[in-house]
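Descriptive structure summary
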Amino acid sequence: MKKNEISVLNVLFCLMVIFIHVTAAPLTGHNTTENVSKILFYIQRMCGVAVHGFVFLSSLKLFLKDTSQINYRKYIKSRLRKIYLPYLIFVIIYYLFEVTRGFYDFNVSQLFKFILFGSGESHFYFIFVIMQFYLLFPLWRKLLKTNKVGLLLLVAAVINFVCYCHLPDILLKIGIHNSYNHGLFTSYIFVWVLGCVCGK
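Reference entry: report on the structure contained in this document. (Residues numbered from 1 in each chain as written. Predicted model: local features only at pLDDT ≥ 70, side-chain atom pairs only at ≥ 80, totals over all residues. Heavy atoms only, no water.)

1. Some points on the packing of helix H4 (residues 72-100) against helix H6 (residues 125-135)
What counts here: Each axis is a line fitted through C-alpha atoms, and for a helix only the stretch in contact is used; angles between axes span 0 to 180 degrees, taken between their N-to-C directions. Working definition: helices are DSSP H or I runs of at least four residues, strands are E runs of at least two. Numbering for both runs from the N terminus. Oblique is the label for every angle not falling under 35 degrees (roughly parallel), over 145 degrees (roughly antiparallel), or within 65 to 115 degrees (roughly perpendicular). Two residues qualify as a contact provided that any one of their heavy atoms is within 4.5 Å of a heavy atom in the partner residue. Only Asp, Glu, Lys and Arg are considered charged in this grouping, and only Ala, Val, Leu, Ile, Met, Phe, Trp, Tyr, Cys and Pro are considered nonpolar; every other residue, Gly among them, is considered polar.
For the pair H4 and H6, interaxial distance at closest approach is 11 Å and the crossing angle is 175°. The orientation of H4 with respect to H6, classified from their angle, is roughly antiparallel. Within the contact between the two elements, H4 uses Tyr-72, Tyr-75, Ile-76, Arg-79, Leu-80, Ile-83, Tyr-84 and Tyr-87 and H6 uses Ile-127, Met-131, Tyr-134 and Leu-135. Residues that form the contact of H4 with H6 fall into these classes: eleven nonpolar, no polar and one charged.

2. Description of the nonpolar core
Put simply, the rule reads: Residues grouped as a nonpolar core are buried Ala, Val, Leu, Ile, Met, Phe, Trp, Tyr and Cys residues, joined through side-chain atoms within 4.5 Å. Each residue is assigned to one of three classes by its accessible area relative to the maximum for its type, calculated with a 1.4 Å probe on protein chains only: buried under 20%, partly exposed between the two thresholds, exposed over 50%.
Ranked by internal contacts, the top residues of the largest apolar core, which has 45 residues, are Val-55, Phe-133, Tyr-134, Trp-140, Tyr-188, Trp-192 and Val-193. Listed by contribution, the elements that provide at least two residues to this core are helix H1 (4-27), helix H3 (50-63), H4, helix H5 (108-117), H6, helix H7 (137-145), helix H8 (149-173) and helix H9 (189-199). Ignoring sequence-local partners within four residues, the contact set of Phe-133 consists of Val-55, Trp-140, Phe-185, Tyr-188, Ile-189 and Trp-192.

3. Some remarks on the packing of aromatic side chains
Using the following cut-off: Between 30 and 60 degrees the pair is tilted, below 30 it is stacked and above 60 it is edge-to-face, where a pair is any two Phe, Tyr or Trp rings, Trp via its six-membered ring, whose centres lie within 6.5 Å.
One pass over the structure, following the stated rule, counts 17 aromatic pairs. Centroid distance Tyr-75 to Phe-137: 5.0 Å. Interplanar angle 40°. Geometry classified as tilted. Here Tyr-75 is found in helix H4, whereas its partner Phe-137 is found in helix H7, with 62 residues between them in sequence. The pair formed by Tyr-75 and Phe-137 is uniform in burial state, with each residue classed as buried. Here the aromatic rings of Phe-133 and Trp-192 are separated by 4.5 Å at their centres, their planes lie at 10°, and the arrangement is stacked. Here the residue Phe-133 occupies a position in helix H6, and Trp-192 occupies one in helix H9, the gap between them amounting to 59 residues.

Take a look at the structure:
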């Protein structure tokens, strides 16, 4: 059953993301002490909640359904076909476009890295994040069966905070450079679990 509230929020979050990207260049290096720039800057910062909103709505919509009836293999296949395949096509298109502009020299390993981590263009990382949550679907379904809502949210909040603050440093110590902490599902685990709980 379609829920209009979710559709309205999706549109609102889309507009927020557009606003962030449209105002990024004008505000970069600009004097934010000027009144107009200051207002735009604060609005832009508040719009940063959009990605968390998309993550929340994704899990909410998933758990509004009877998840016990969802076949994991079919579910992942549908996510790959409807979400990851278009993502894959557009990452390649964007990359080739940037190559023609001279922004990159064509490099297969670089393209592979962009595909794998969604790091080629700033708006692609969301797909990388959301696919991590989809792949872990059996875990969320099992956790939600416990009905320990308060404990689930507390643990998710602690994981979220600890990983957001310390995971990049931990990875760096073992030789993995990660400047894309926002591309890891642990940075959004609290809002995802919150969406799961609200959906159920």
